[in-house]
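Descriptive structure summary
Here are the chains, one letter per residue:
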Amino acid sequence: MKVAEAVGRALSAAGVDHVFGVVGSGNFHLTNAMVAAGSRFVAARHEGGAATMADAYARMSGTVAALTVHQGCGLTNAITGIGEAAKSRTPLLVLAAEATEPRSNFSVDQEALAHAVGAVTARVTSAEDAVEQACTAVRRALHERRTVLLNLPLDVQALDAPDDAPALAAPPPERTGVEPVPADVAALAQVLERSRRPVFVAGRGSRAIGARDALTALAERHGALLATSAVARGLFHDDPWSLDVSGGFSSPLTAELIQGADLIMGWGCALNMWTTRHGRLIGPDTTVVQVDDASALGVHREVHLGVTGDVELTARQVLDTPGRQREGYRTADIGAAIAERMRWRDVPYEDEGSRERIDPRTLSIALDDILPAERVMGVDSGNFMGYPTMYLSVPDHNGLCFTQAFQSIGLGLATAIGAALARPDRLPVAALGDGGALMSAAELDTVRRLGLPMVVVVYNDDAYGAEVHHFKPGGYPLDTVEFPPTDIAAVARGYGFEAVTVRTPADLKAVEDWAAGPRSAPLLIDAKVVGDHGAWWLEEAFRGH
């Protein structure tokens, strides 16, 4: 048995049950060994798509996923998706063949590439240690929540492995949460006791049922309102005191209530510029507390109290501290306001649609009503992105896969594919701009080939809308960011999709028929949307450039 086969079998035995990629000569034997050992291989049409599919699958399944790529160019093709995963602390294992001969056309500094986008690296260096080195990479990905590039030199892959090598592999132990120190628990309890208008903001580190339940119980005791970062949207979906998303996507009422808080507690949440609107959601006298990994505390803004600890463990220990039930921010008037006007769809607006273009708000509200509530969404980046993210509801924290840490367009379709494979019980929805849709169109083939009953919604303004609306007020020429109309519905039909062009609400009847039917083919909606001005959150986004 060669090292390539031994490592492939070992990774499968270590619990890596899904591997995404494009197979070339350098990763052929490794990938086939994983398939033979029981892992599912998902073939993408481009390594960039494969990387994002693996990222999304890992996020939504809670497991370590793998990406398999050819040496050199296979890895460079995937690097944007790897960068997104690394910035998001996704437990992802990148299996990259490596050319060690400097004269090879495929020779690049793969370690430097990985480090440049925030991933960490490992390498298989010998036949005797190959399995242990591979399993160590899996453990690191899981326990440190890191994207790990495992380099697999071609010459080492071709060596003979010990006969018992695959038997040395085993699934890594579960990741254990960090216990907070008692003094920090006491300090958290004291801060909460002093607060009259507390708001909890839960982030990526809270995306678990146990953490949600602990936070809702603690919030109920102290009268706290509940919000999330965009990546944790849906965590408090059914709670009457939920404010939905904090930050640039916040509705006017949500922003008002967060700004009025005397205490903001970030739970597994970075409290970065997006979540706080560059700090403007935090009042001048507001106490700011953050519970997170030690490396995350105070990174984006100064905090009055930083606590190192697992979200669920910390919240439950604060709950165990004696305290009284308090009304806090949960007054009758605020409860009524949240029920009536917290959602964006409840905020009045003047429909700007015409016979040729549909208002993206009208489109999104209609789709929210037409499509089944049990859905999982992937959203691309662009001017349009706030509409599907905030107007389409999600059933829980596994309803939205938000791959926006790198702010790259072109990831949304692959995100929805990976999320769909992790949550086959839900209708997958990909929300894209026309730029991102055309950039990733090759993966429409992957959707059809996998038989996914996906809805792909293209908010089509025939432009890179974010750039148009950012530069238009300055009078700059826009020829580089505006394009002739493209019939994206026709493109989708070429890949085997059902497709409909939507210009007015009446055109959505075809979507209703598809949703009520057998859904035997995926559906693409080419929505010609109004593009006269930027979305409400766009100004916030460009403040961060």
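Residues numbered from 1 in each chain as written. Predicted model: local features only at pLDDT ≥ 70, side-chain atom pairs only at ≥ 80, totals over all residues. Heavy atoms only, no water.

1. Some thoughts on the pattern of salt bridges
Applying the stated criterion across every chain, the model contains 29 salt bridges. The shortest N-O distance in the salt bridge between R145 and D293 comes to 2.9 Å. A residue pair is termed long-range when its members are at least 10 positions apart, and R145 in the loop between helix 6 (130-143) and strand 6 (147-153) and D293 in the loop between strand 11 (287-292) and strand 12 (305-308) qualify at 148 residues. Accessibility expressed as a relative area gives 24% for R145, which makes it partly exposed. Its salt-bridge partner being D368, residue R345 comes within 2.9 Å of it at the nearest N-O pair. Separated by 23 residues along the polypeptide, R345 in the loop between helix 13 (332-341) and helix 14 (360-370) and D368 in helix 14 bring together distant segments of the chain. Here R345 falls in the partly exposed class, since its relative accessible area comes to 24%. Each of R345, D368, D369 and R375 takes part in salt bridges that share partners, so that together they form one network. (Salt bridge = Lys/Arg side-chain N within 4 Å of Asp/Glu carboxyl O. Helix = DSSP H or I, 4+ residues; strand = E, 2+ residues; numbered from the N terminus. Buried < 20%, exposed > 50% of the residue type's maximum accessible area, 1.4 Å probe, protein only.)

2. A few points about the sheet that holds strand 4 (residues 92-98)
The parallel open sheet is built from 6 strands, whose spatial order is 2-1-3-4-6-5. Strand pairing shows two members of the sheet lacking a second neighbour, strand 2 (40-43) and strand 5 (120-123), which therefore form its edges. The average undirected angle you get between the axes of adjacent strands in this sheet is 25 degrees. Bridge count for strand 1 (residues 18-21) against strand 3 (residues 65-69) is 3 bridges, and the pairing is parallel. Within strand 3, the position partnered with F20 by the bridge is L67. (Pairing = 2+ DSSP bridges. Axes fitted to C-alpha atoms, helices over the stretch in contact; angles between N-to-C directions.)

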